[in-house]
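Fold and contact review
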Amino acid sequence: MHDDGQKVAFEEDSRVGRPTAIMDSLAAYLNRNDGPYFFEPNPISDAETFWDFIRKNEGEVTSVTFEFIAPNMFGQADDYDKEMAAMRDEERVRRAKLQLENPDGLALETPRVKHAVNYAARGTGSIKAKTKRHKKFNSKNRVKKSTIPQNKNGTPLVEVIKNAIFTIFRQ
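Source: prediction; values computed, not measured. Throughout, a residue's number is its position along its own chain's written sequence, starting from 1. Residues qualify for local features only when their pLDDT is at least 70, as the model is predicted, and side-chain atom pairs are given and counted only at 80 or more; totals for whole chains, interfaces and linings, by contrast, use all residues. With hydrogens and water excluded, all non-hydrogen atoms of the structure serve as input to the side-chain values.

1. Points about the sheet that holds strand β4 (residues 136-138)
With antiparallel pairing, four strands are arranged side by side in an open sheet as β2-β1-β3-β4. The sheet is open, and its two borders are formed by β2 (95-101) and β4, each paired with just one other strand. Sheet twist, expressed as the average angle between the axes of neighbouring strands with direction ignored, equals 10°. For two strands to pair, DSSP has to find at least two bridges joining them. Per the convention used, a helix needs a DSSP run of H or I reaching at least four residues, while a strand needs a run of E reaching at least two, with both numbered from the N terminus. For strand β1 (residues 61-69) and β2, the ladder comprises seven bridges, and the chain directions are antiparallel. Fitting a line to C-alpha atoms yields each axis, with helices limited to the stretch in contact; the angle taken between N-to-C directions then spans 0 to 180 degrees.

2. Digging into the pairing of strand β3 (residues 125-131)
Only protein chains enter the accessibility calculation, which uses a 1.4 Å probe; a residue whose area is less than 20% of its type maximum is buried, one above 50% is exposed, and one in between is partly exposed. β3 sits mainly inside the fold: five of its seven residues count as buried. One ladder, built from seven bridges, connects β1 with β3; its direction is antiparallel. Bridging across to β3, F66 finds its partner in I127. Between β3 and β4, which follow one another and run antiparallel, lie four residues, and H134 among them has a positive phi close to 70°.

3. Re the pattern of salt bridges
The term salt bridge refers to a side-chain nitrogen of Lys or Arg lying within 4 Å of a carboxyl oxygen of Asp or Glu. This model, assessed by the stated rule, comprises six salt bridges. In this structure, the salt-bridge partner of E60 is R133, at a minimum N-O distance of 2.6 Å. Taken together, the positions of E60 in the loop between α2 (47-56) and β1 and R133 in the loop between β3 and β4 put the pair 73 residues apart, joining distant regions of the chain. Here R95 and E67 are joined by a salt bridge, their closest N and O atoms 2.8 Å apart. Of the two residues, R95 sits in strand β2 while E67 sits in strand β1, which places them 28 residues apart along the sequence. Connected through shared salt-bridge partners, E48, D52 and R55 make up one network.

4. Quick word on a positive patch on the surface
Together, K97, K128, K130, K136 and K140 make up a region of like positive charge exposed at the surface. Tracing the sequence through the fold places K130 in strand β3. Taking the relative accessible area as the measure of exposure, K130 reaches 45% and is therefore partly exposed. Exposure above 30% relative accessible area and no salt bridge define the residues that can form patches, which grow by joining like charges within 9 Å and nonpolar side chains of Val, Leu, Ile, Met, Phe, Trp and Tyr within 5 Å. Calculation of accessible area relied on Shrake-Rupley with a 1.4 Å probe; when residues are assessed, cover is drawn exclusively from the protein chains displayed. A positive count includes Lys and Arg, and a negative count includes Asp and Glu. His and the chain ends are not counted in either. The location of each charge is read from NZ of Lys, CZ of Arg, CG of Asp or CD of Glu.

5. Here we look at the environment of A129
Looking at the secondary structure, you find A129 in strand β3. The buried category is assigned to A129, whose relative accessible area is 3%. Separated by 30 residues in the primary sequence, A129 and Q99 have C-alpha atoms spaced 9.5 Å apart. Here, two residues are considered to be in contact whenever any of their heavy atoms come within 4.5 Å of each other. Beyond its immediate chain neighbours, meaning those up to four positions away, A129 contacts F50, F53, V61, S63, V64, K135, K136 and F137.

6. Some words on the nonpolar core
Membership of the largest hydrophobic core comes to 25 residues, with the highest contact counts inside it found for F50, V64, F66, F68, L108, V117 and I127. When residues of this core are traced back to their parent elements, those giving at least two are α2, β1, α3 (79-91), α4 (111-124) and β3. With six residues, the top contributor of residues to this core is α4. Among buried residues, the Ala, Val, Leu, Ile, Met, Phe, Trp, Tyr and Cys ones that are joined through side-chain atoms within 4.5 Å form a nonpolar core.

7. Observations concerning the packing of α2 against α4
Where α2 meets α4, the axes come as close as 9 Å, and the angle between the chain directions of the two elements is 135°. When the axis of α2 is compared with that of α4, the two are oblique. Between α2 and α4, the residues in contact are A47, F50 and W51 and V113, K114, V117, N118 and A121, respectively. Its residues assigned to classes, the contact of α2 with α4 shows six nonpolar, one polar and one charged. An angle below 35 degrees is read as roughly parallel, one above 145 as roughly antiparallel, one from 65 to 115 as roughly perpendicular, and any other as oblique. Residue polarity follows a fixed list, in which Ala, Val, Leu, Ile, Met, Phe, Trp, Tyr, Cys and Pro are nonpolar, Asp, Glu, Lys and Arg are charged, and the others, Gly among them, are polar.

8. Examining unusual backbone geometry
The phi dihedral of R92 is positive, around 60°, even though this residue is not glycine. In this model, H134 sits at a positive phi of 70°, which is unusual for a non-glycine residue.

As structure tokens, then:
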């Protein structure tokens, strides 16, 4: 576990399959048993891509939908975590959806929305948005990726692996 949550890394190889599809398949397999935990993978996205969409479509965004995943048994960093954990424990919620709508346009540069975006972007949810002109945003299409440089300079393999782990998990 890292300060910003749990992470899994995949090498993208089209011969094997898309990392998201592989992870979803693994989750479905692991969730077949009746264990005490439910495996709910979600990609980490870049919150700034959402804000870029909002800035480019200022005054035009009519709908934003957040889907939050209840946190697992590890630490609770903020009020969203605590509220979702309480809903998980008391109402047995795995996911919660919050939809904001106004056909005249939403005011989204608020502390509440910023906090929701940051919560979802770290892999504990997803964000979708629509504009009056039918432009769409989906955080699941804005997955963070890390590129690991190839070992071309004779660096020892242990160092290459350590550098790769640092590059992947520092985000």
